[in-house]
There are 2 protein chains.
Amino acid sequence: MKTIYFDHIAGNPLDPRVKEAMLPYLTDIFGNPQSMHSFGEQTREAIDEARAQVAQLINASSEELFFTASGTESNNFALKGLALANQSKGKHIVVSAIEHQSILHSAKFLEKLGFKISHVGVDKYGIVSRDELARQLTDETTLVSIMLANSEVGTIEPIAGLTGLVKEKGILFHCDAVAAVGNIPVDVNELRIDALSMAANQFYGPSGAAALYVRKGVRILPLLDGGIQEEGRRAGTENVPVIVGMGKAARLAWEEMPKRSEYLRSLRDSLIKELTNKIDYLYFTGHPENRLPHHASFCVEFIEGEAMLLSLSMEGMAVSSGSACTSRALKASHVLKAIGVGDALAQGSIVFSLGMSNAKKDIEYLTGAFPAIIDRLRKMSPLYTKHIQKKGDK
Amino acid sequence: MKTIYFDHIAGNPLDPRVKEAMLPYLTDIFGNPQSMHSFGEQTREAIDEARAQVAQLINASSEELFFTASGTESNNFALKGLALANQSKGKHIVVSAIEHQSILHSAKFLEKLGFKISHVGVDKYGIVSRDELARQLTDETTLVSIMLANSEVGTIEPIAGLTGLVKEKGILFHCDAVAAVGNIPVDVNELRIDALSMAANQFYGPSGAAALYVRKGVRILPLLDGGIQEEGRRAGTENVPVIVGMGKAARLAWEEMPKRSEYLRSLRDSLIKELTNKIDYLYFTGHPENRLPHHASFCVEFIEGEAMLLSLSMEGMAVSSGSACTSRALKASHVLKAIGVGDALAQGSIVFSLGMSNAKKDIEYLTGAFPAIIDRLRKMSPLYTKHIQKKGDK
């Protein structure tokens, strides 16, 4: 059976060029970068080069970048590390209502340690409310954390319009840019960001490679205490092969971003157009323009989400209902709730995230097969039958 | 130039069979294990298999094993997670004086949160004092953390003789077994351990793959908050290739341990014998019998440690002065201090950790070249010259 992958935001295949760059570090070059011998020197140099490549992608300096093992770790490191290191200034933190669970649950952890957490709401497109944010900032606020792009609805937040507000009060600004970096241009200086999370797998790099940018001079406590790696800010033996892979992936993303974006946007737009034309009671979610180029998301009415995903999977198409990190928890998404989607409709959530291995014919195959799947499933839905009868009665 | 690697405890080369097992997961099989489609199913199954393989190595059940990204992360997770989850019972923690920095610094972090930390001392071989431990346990003690084997002096602690003492008072016992698992037999039930840290790279598995064993029923808070991975105890997208590699490496270690130990012990013993015969003022560190089979450690008097390491490196031999995690900090080792080695002698610390790629001729090469290096360096040492003159005067 033909299989087509439309779930790139949950897990990207490795770019073959990235794999080639990594392979020597899986075999011949294996020294501990902290070791004071030639084996250690080799890997130390490789890490330095990767750090510079990743820094370039977000217009940072090498010494402002700290490698971690996941976007989740970067977010935990940022939220807990910035809050704890700066608590003498105040213990109030503001996060958006549509942050990833790694931010929201880190905030809950801090709440148990005596911090006060406020959640700033979003509009129907998922755009954070600037006015509400302004009202929430107090003299006690030390940290604001708002994401750059949301992986469930694809919306890109107008961060540049928010940081000014936050910075003029001397408050730190962290940005979860995991879904964004490598897919859209990100410049930490232009955006006036103090700390920024990113992960290699979002731009065809390996799993297990991620980073936290921390602006020079900003105080942060380690999440992982121990050795002197990463300037003492993140202990643990460096995972050299994936760090090298992240560097290579960052370099390729930096070079190829305009080309990739144009290609993915065109595929994505035709997917949106075709599905919107062919399927009734299909509601587009997220912002229509300010969204990730490879991201299309909808809620399908009169449908049970899990059945829809499994039916697509059985016909060879891999899609998701939202965040992979919570997909198997089977709870209604907090993101869809925040943009005002009701619980019933949220059950029909579906996210298509495209990648460079997708071709035009993949979109044609999907937009051909998907409406028939929806039809079949709806015919088994008592709610849909009732709705159609009611409509007929009028 | 011929290069010989004697620093396996800082970083092991990947077993080629482990690499083979990992490769498919670097290319074709890349789905997010949390995803509800066939791509996700494949990686979910691979993780399940790896978990069972790792569990078998320490005689645990799969559901008691949580994958992390490093031994350091496992240690942070254990110490902080167990202390915070059980603080209603008491806020006193006991650790040994020769623990890894990831334990000692995690304890310092907890101290800032109001926990009281006691350090139990060791004898001249690095063996933890049972009597001192007994005296330190109070009604407030909730957690004891003592390592299984020390990577700097090779000593294996008599854990089974300590856990009884701790368990009969209802206190939790964590064991940092990073240097031990895969190299010596470890059975969490026989040892009566509640939580145990391990890392794949210590037994020819990949970097970035580690685990924490947590006995069923023991309460622990996550270190990484976020998604529902690892039963909600360790958030972050699973690093599938390295987890698969850790499983394979665990399986191989389980099968081949007796053979490997015998081989390494024989190489190691001839190294110790030759160097002891050929070099004056060479002091063996750690326990003479109860030690890791691949580990030999010494302090060389009248020598500057960094010069010794660099001289060896220039002649193609990679060794270490102690823990890679602190090697470049250039501070005297807290482990050597704890076993009573003075600051001056500790500067001449040297650790040889052998691996399966080492052959008899490597040992011959080393034991041939090393004494001459020591001679050369000592001739440049004013302290040595003075010592020899004094000796001559007598």
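Numbers given for residues are sequential positions, taken from 1 along each chain in its written order. Key to labels: chains lettered from A, ligands numbered from 1, both in the order written. Side-chain atom pairs in this predicted model are given and counted only at pLDDT of 80 or more, local residue features only at pLDDT of at least 70, and totals for whole chains, interfaces and linings cover all residues. Hydrogen atoms and water are omitted, and side-chain values are computed over all heavy atoms in the structure.

Give me the overall build of chain A: which residues, what numbers.
Numbering of helices and strands runs from the N terminus, with a helix taken as a DSSP run of H or I at least four residues long and a strand as a DSSP run of E at least two residues long. Each helix and strand counted, chain A has twelve helices and twelve strands in total. For the radius of gyration, the atoms used are the C-alpha atoms, and the globule rule reads 2.2 Å times the number of residues raised to 0.38. The globule rule puts the C-alpha radius of gyration for 394 residues at 21 Å, and the 22 Å found for chain A is close to it. When its C-alpha atoms are laid out on the principal axes, chain A stretches across 80 × 55 × 35 Å. Throughout this description, buried means an accessible area under 20% of the type-specific maximum (1.4 Å probe, protein chains only), exposed means over 50%, and partly exposed covers the range between. Within chain A, buried positions represent 64% of all 394 residues. Put simply, 74% of the contacts in chain A that link residues at least 6 apart link residues at least 24 apart. Note on areas: Shrake-Rupley with a 1.4 Å probe; residue coverage comes only from the protein chains shown. Carbon together with sulfur atoms contributes 51% to the accessible area of chain A, which is approximately 14,900 Å² in total. With 43 positive and 45 negative side-chain charges, chain A shows a spacing of 4 Å between the two charge centroids. Here, residues are in contact when the closest pair of their heavy atoms is within 4.5 Å. In this tally, Lys and Arg are treated as positive and Asp and Glu as negative; His is ignored, and so are the chain termini. Every charge is mapped onto a representative atom, which is NZ of Lys, CZ of Arg, CG of Asp or CD of Glu.

Describe the interface of chain B and chain A, naming the residues involved and giving the relevant values.
Facing 63 residues of chain B, the contacting portion of chain A comprises 63 residues. The term buried area means the drop in 1.4 Å probe accessible area that two parts suffer when joined, counted for both and summed. Between chain B and chain A, the buried area comes to about 5,300 Å², and carbon and sulfur atoms account for 64% of it. Salt bridges are counted wherever a side-chain nitrogen of Lys or Arg sits within 4 Å of a carboxyl oxygen of Asp or Glu. Across the contact surface, chain B and chain A share two salt bridges. Between Lys80 of chain A and Asp225 of chain B there is a salt bridge; the shortest N-O distance is 2.7 Å. Those elements giving two or more residues to the side of chain B that touches chain A turn out to be strand 1 (4-5), helix 1 (16-22), helix 2 (38-57), helix 3 (71-85), helix 4 (101-112) and helix 8 (305-314) of chain B. Each residue receives one of three labels: charged for Asp, Glu, Lys and Arg, nonpolar for Ala, Val, Leu, Ile, Met, Phe, Trp, Tyr, Cys and Pro, and polar for the others, Gly being one of them. By residue class, the composition of the side of chain B that touches chain A is 27 nonpolar, 27 polar and nine charged.

Lay out the pattern of salt bridges in plain terms, naming residues and giving numbers.
Summed over the entire model, instances satisfying the criterion amount to 28 salt bridges over all chains. Glu256 of chain A is the partner of Arg260 of chain A in a salt bridge, and the nearest nitrogen-oxygen pair spans 3.1 Å. Placement of the pair is Arg260 of chain A and Glu256 of chain A together in helix 7 (residues 240-278), with a separation of four residues, close to one helical turn. Under the relative-accessibility criterion, Arg260 of chain A is labelled buried at 5%. Here Arg268 of chain B makes a salt bridge to Asp269 of chain B, at a shortest N to O gap of 2.9 Å. On the basis of relative accessible area, Asp269 of chain B is assigned to the partly exposed category, the value being 39%. By sharing partners, the salt bridges in this structure join Asp15, Arg17, Glu256 and Arg260 of chain A into a single network.

Can you break down helix 4 (residues 101-112) of chain A residue by residue, with the values?
All names here are of chain A. With twelve residues, helix 4 extends 16 Å from end C-alpha to end C-alpha; this agrees with the ideal 16 Å at 1.5 Å per step. Turning to helix 4, its buried residues number three or more, namely Gln101, Ser102, Ile103, Leu104, Ser106, Ala107, Phe109 and Leu110. In the segment just after helix 4, Gly114 is the residue with positive phi, at about 105 degrees. Given a helix with a known number of residues, its expected span is that number minus one, times 1.5 Å.

How would you summarise the relation of the copies chain B and chain A if you had to cite specific residues and measurements?
Of the two same-sequence chains, chain B is brought onto chain A (RMSD 0.1 Å, axial shift 0.0 Å) by a rotation of 180 degrees. Put plainly, the chains are arranged around a two-fold axis. Considering only C-alpha atoms, the part of chain B nearest the rotation axis is Ala69 of chain B, at 3.3 Å. Both copies present the same face, since 100% of the interface residues in chain B are matched by interface residues at the equivalent positions in chain A. C-alpha atoms of residues with pLDDT of at least 70 in both copies form the basis for the least-squares superposition of the copies.

Account for the sheet that holds strand 3 (residues 92-96) of chain B, with residues named and values stated.
Residue and element names in this part refer to chain B. Strand order in this open sheet of seven strands is 2-8-7-6-5-3-4, and the pairing throughout is mixed. The sheet is open, and its two edges are formed by strand 2 (65-68) and strand 4 (116-120), each paired on a single side. Geometrically, the sheet is characterised by an average inter-axis angle of 20 degrees between neighbouring strands, direction not taken into account. Only when DSSP finds a minimum of two bridges between them are two strands counted as paired. The axes used here are C-alpha line fits, helices contributing only the stretch in contact, and every angle between their N-to-C directions lies in the interval 0 to 180 degrees.

Quick one: what's the story with unusual backbone geometry, residue by residue and with numbers?
For Arg192 of chain A, which is not glycine, the phi dihedral falls at a positive 55 degrees. Within the secondary structure, Arg192 of chain A sits in the loop between strand 6 (172-176) and strand 7 (195-199). The exposure class assigned to Arg192 of chain A is partly exposed, which follows from its relative accessible area of 43%. If you check the backbone angles, Glu230 of chain B has positive phi at about 50 degrees while not being a glycine. In this structure, Glu230 of chain B sits in the loop between strand 8 (210-214) and helix 7 (240-278). Residue class for Glu230 of chain B comes out buried when judged on its relative accessible area of 8%.

Lay out the packing of aromatic side chains with the relevant residues and their values.
All names here are of chain A. Pairing of aromatic rings covers Phe, Tyr and Trp, the last through its six-membered ring, and needs centres within 6.5 Å; plane angles under 30 degrees mean stacked, over 60 mean edge-to-face, and all others mean tilted. A complete count under the given rule lists 18 aromatic pairs over all chains for this structure. Centre to centre, the rings of Tyr281 and Phe302 are 5.3 Å apart; their planes meet at 85 degrees, and the pair counts as edge-to-face. Highlighted residues: Tyr281 in the loop between helix 7 and strand 9 (282-284) and Phe302 in the loop between strand 10 (295-300) and helix 8 (305-314), separated in sequence by 21 residues. You can call Phe302 buried: its relative accessible area is 14%. Counting every residue linked through ring pairs, the aromatic cluster contains Phe6, Phe284, Phe298, Phe352 and Phe370. Across from the ring centre of Phe109, 4.5 Å away, lies the NZ or CZ of Lys80, which sits over that ring. The rule is short: NZ of Lys or CZ of Arg within 6 Å of the ring centre and within 35 degrees of the ring normal puts a charge over the ring.

Provide a residue-level description of the confidence of the model for chain A, including the pertinent values.
In the predicted model, chain A carries a mean pLDDT of 94, and the fraction of residues at 70 or more is 98%. Across the predicted assembly, pTM comes out at 0.95 and ipTM at 0.93. The predictor's confidence in any single residue is recorded as pLDDT, a number from 0 to 100.

Tell me what's going on with the pairing of strand 4 of chain B, and back it up with residues and numbers.
As paired elements, strand 3 of chain B and strand 4 of chain B share five bridges and run parallel to each other. Paired with Val95 of chain B across the bridge in strand 4 of chain B is His119 of chain B.

Hey, could you go over the domain arrangement of chain A for me, with residue numbers and the actual values?
Residues and elements named next belong to chain A. The split into domains, and so the bounds of each, comes from an automatic or database assignment of domains. Annotation of chain A at the domain level lists domain 1 (4-10 + 257-393) and domain 2 (16-253). Each of domain 1 and domain 2 was reduced to a C-alpha centroid, and the two centroids are 29 Å apart. Taken together, the contacts link 30 residues of domain 1 with 34 residues of domain 2. Between domain 1 and domain 2, the buried area comes to about 2,600 Å², and carbon and sulfur atoms account for 59% of it. On the domain 1 side of the interface with domain 2, the three residues burying the most area are Met257, Arg260 and His334, jointly 26% of the side's total. The interface formed by domain 1 and domain 2 contains zero salt bridges. Counted as a polar contact is a pair of N or O atoms within 3.5 Å, where, for protein atoms, one must be capable of donating a hydrogen and the other of accepting one, and residues adjacent in sequence contribute only when both atoms are in side chains. Remark: the boundary between domain 1 and domain 2 carries twelve residue pairs in polar contact (both at pLDDT 80 or more). If you list the elements that add at least two residues to the side of domain 1 that touches domain 2, you get helix 7, strand 10 and helix 9 (334-338). The residue inventory of the side of domain 1 that touches domain 2, partitioned by class, reads 14 nonpolar, 14 polar and two charged.

Quick one: what's the story with helix 11 (residues 360-379) of chain B, residue by residue and with numbers?
Between its first and last C-alpha, helix 11 of chain B extends 30 Å over 20 residues, near the 28 Å set by a 1.5 Å rise per residue. Taken as a whole, helix 11 of chain B has its buried residues at Asp362, Ile363, Leu366, Thr367, Ala369, Phe370, Pro371, Ile373, Ile374, Leu377 and Arg378 of chain B.

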